[in-house]
Amino acid sequence: MLLWLICAVIAIWMALRHIPSRWDVYRPLPELIALIPLVWIPTAVILLVCVLVGAVPQGITAAALLCVQGLWHAAMVLDMPGPLLRLTGLPERRSTAEHGAHSGDALRVMTLNCRFGRADPISVIRTVRDNHIDVLALQEVTPELLQSLETAGLGTELPYTVTGASRDDDNGGSNALLLRVEANSSEESSITLPAAAIPTATLTLGETSIRFASAHPKSPGRGGRFWHQGIQSLGELGGSSSYWDSEPTPSDAWSDQQIPASAKTRRASAVETVLLGDLNSSLYHPVFRSLLRTSSFFDASYELGKGYHYTFPSSWRWIPALIEIDHVLLTPGLRPVAMKSLPIPGSDHRALVASIRVA
């Protein structure tokens, strides 16, 4: 009976991945969903126990649950046929990634949550220099950290800074963008959301204008509704999805009237967008997949098909980062070339470094 009960708990836990996106606003669902990638560990233990005690029906059930979890993980590295992919709840890849391409002439971006401004400035600068970063997005920034970075010499690499407007909703600090070249235009606060202001900076690469944004929606611990609303609001930066390029289908979740007018205007423009930051969510969260489905954004890590790029937590001495909640989101005119995560002392997140090109 106990084995059946444990299998049932695991199955229900796994099913949270596929609840309607409006439901994951209720805590502790966001936290439980974030841990689903690790559920294979107790499932494997239960399967082993079933084998040892000869509990065949329960063992078959545990094996089936483990296979489903394996399918979810495999989707991060394999191009699956449509029917299998629909079981995972993931979108089809847009075939924009340049697998194995040389990234020498690509634009390099980096995002890092600075953990209340405690990230080690020397390590940040070293990572920027070693990886030839062109745009650095920081979250949980303090004036003291920015001053320390400037004093330590970051200005020689990234001399231009756009900092999010300070306000009461700052969660852990401000967001900031640091640039190798001066922006054509910038904003201290680009969209309205219940979290730290999102600064943007627009650069020109060839004939393409690219807007960069540094974002940090609130964590579920600061309120499930604020967390949910913050992630949903990010879609305004990416504009509407391909709904505006094709006839809507019965499966479309949003009508033309439900997409904000500002989103349509942005998508109609020639500006591409790179959204970087600690988004406090993963592809396992229904609200994050809803963001991808209802905007023009796609996730660079998923598009590359090279597996997860774990970023959190990184401050535990003997335990590696276990979940992927920091992201680089791109609009269709851009393509990812490469991605990696790197440790930064003082922060509880790994830095996420990506190379991108104009498609």
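That block above? That's the structure.
Residues numbered from 1 in each chain as written. Predicted model: local features only at pLDDT ≥ 70, side-chain atom pairs only at ≥ 80, totals over all residues. Heavy atoms only, no water.

(A) Broad picture of the overall build of the protein chain. Regarding its fold elements, the protein chain presents 12 helices and 12 strands. Residues counted as buried form 53% of the 359 residues belonging to the protein chain. (Helix = DSSP H or I, 4+ residues; strand = E, 2+ residues; numbered from the N terminus. Buried < 20%, exposed > 50% of the residue type's maximum accessible area, 1.4 Å probe, protein only.)

(B) Fine view of the sheet that holds strand S7 (residues 208-215). As summarised here, the arrangement of the 6 strands in space is S5-S6-S7-S8-S10-S9, forming an open sheet in which the pairing is mixed. Of all strands in the sheet, those bounded by a partner on one side alone are strand S5 (185-187) and strand S9 (298-299). Here 6 bridges tie S7 to strand S8 (residues 272-278), and the two strands are oriented parallel to one another. By the bridge assignment for S8, Ala213 is matched with Leu275. (Pairing = 2+ DSSP bridges.)

(C) The arrangement of the sheet that holds strand S4 (residues 174-179) in detail. Within the open sheet, the 6 strands sit side by side as S3-S4-S2-S1-S12-S11. Their pairing is mixed. Strand pairing shows two members of the sheet lacking a second neighbour, strand S3 (160-163) and strand S11 (334-342), which therefore form its edges. Strand-to-strand, the axes of this sheet are offset by a mean angle of 20°, without reference to chain direction. Where strand S1 (residues 107-113) lies against strand S12 (residues 351-358), 5 bridges are found, and the strand directions are antiparallel. Paired with Arg108 across the two strands is Ser355, which belongs to S12. Packing of helix H6 (residues 121-130) onto the sheet brings it into contact with S1, strand S2 (135-141) and S11, and relative to S1 it is tilted by some 160°. (Axes fitted to C-alpha atoms, helices over the stretch in contact; angles between N-to-C directions. Contact = heavy atoms within 4.5 Å.)

(D) Representation of the packing of aromatic side chains within the structure. Counting across every chain of the model gives 3 aromatic pairs. Their ring planes at 85° and their centres at 6.1 Å tell us that Trp72 and Tyr284 sit as a pair that is edge-to-face. Of this pair, Trp72 sits in helix H4 (residues 56-74) while Tyr284 sits in the loop between S8 and helix H11 (286-294), and the two are 212 residues apart along the sequence. Across this residue pair, the class does not change: Trp72 and Tyr284 are buried. (Phe/Tyr/Trp six-rings, centres within 6.5 Å; stacked < 30°, edge-to-face > 60°.)

(E) Structural context of the packing of helix H1 (residues 2-15) against helix H3 (residues 40-53). Relative to each other, H1 and H3 sit at 155°, their axes nearing to 11 Å. Classed by the angle they form, the pair H1 and H3 counts as roughly antiparallel. As for the relative orientation of H1 and H3, their crossing is left-handed in sense. Contacts from Leu3, Ile6, Cys7 and Ile10 in H1 reach Pro42, Thr43, Ile46, Val49, Cys50 and Val53 in H3. Looking at the contact of H1 with H3 residue by residue, the class counts come to 9 nonpolar, 1 polar and no charged. (Parallel < 35°, antiparallel > 145°, perpendicular 65-115°, else oblique. Left-handed = near helix turned anticlockwise from the far one by under 90°. Nonpolar A, V, L, I, M, F, W, Y, C, P; charged D, E, K, R; others polar.)

(F) Local environment of the pairing of strand S10 (residues 326-330). Of all 5 residues making up S10, 5 are buried, and the element is well covered by its neighbours. The alternating pattern of S10 places Asp326, Val328 and Leu330 and His327 and Leu329 on opposite faces, both of which are buried. As paired elements, S8 and S10 share 5 bridges and run antiparallel to each other. From the neighbouring strand, Gly277 faces S10, where its bridge partner is His327. Where S9 meets S10, 2 bridges bridge the pair, whose relative direction is antiparallel. The residue of S10 that forms the bridge with Phe298 is Leu330.

(G) Summary view of the packing of H6 against helix H7 (residues 143-152). Running from amino to carboxyl end, H6 crosses H7 at an angle of 60°, the nearest separation of the two axes being 9 Å. Relative to H7, the element H6 lies oblique. Our pair here, H6 against H7, has a crossing hand that is right-handed. Mapping the contact onto sequence places Pro121, Ile122, Val124 and Ile125 in H6 and Leu145, Ser148, Leu149 and Ala152 in H7.

(H) Just the nonpolar core, in detail. The biggest cluster of nonpolar side chains holds 44 residues, and the ones touching the most others in it are Ile198, Leu234, Leu275 and Leu329. Secondary structure elements with two or more residues in this core: H1, H3, H4, S7, helix H8 (224-233) and H11. The dominant element in this core, judged by the number of residues it contributes, is H4, at 5 residues. Excluding residues within four positions of it along the chain, Ile198 makes contact with Asn175, Glu187, Glu188, Ser189, Ser190, Ile191, Leu193, Ala213, Ser214, Ala215, Leu234 and Leu237. In this structure, Leu203, Leu276, Leu304 and Leu334 belong to the second largest nonpolar core, which totals 23 residues. (Core = buried A, V, L, I, M, F, W, Y, C linked by side-chain atoms within 4.5 Å.)

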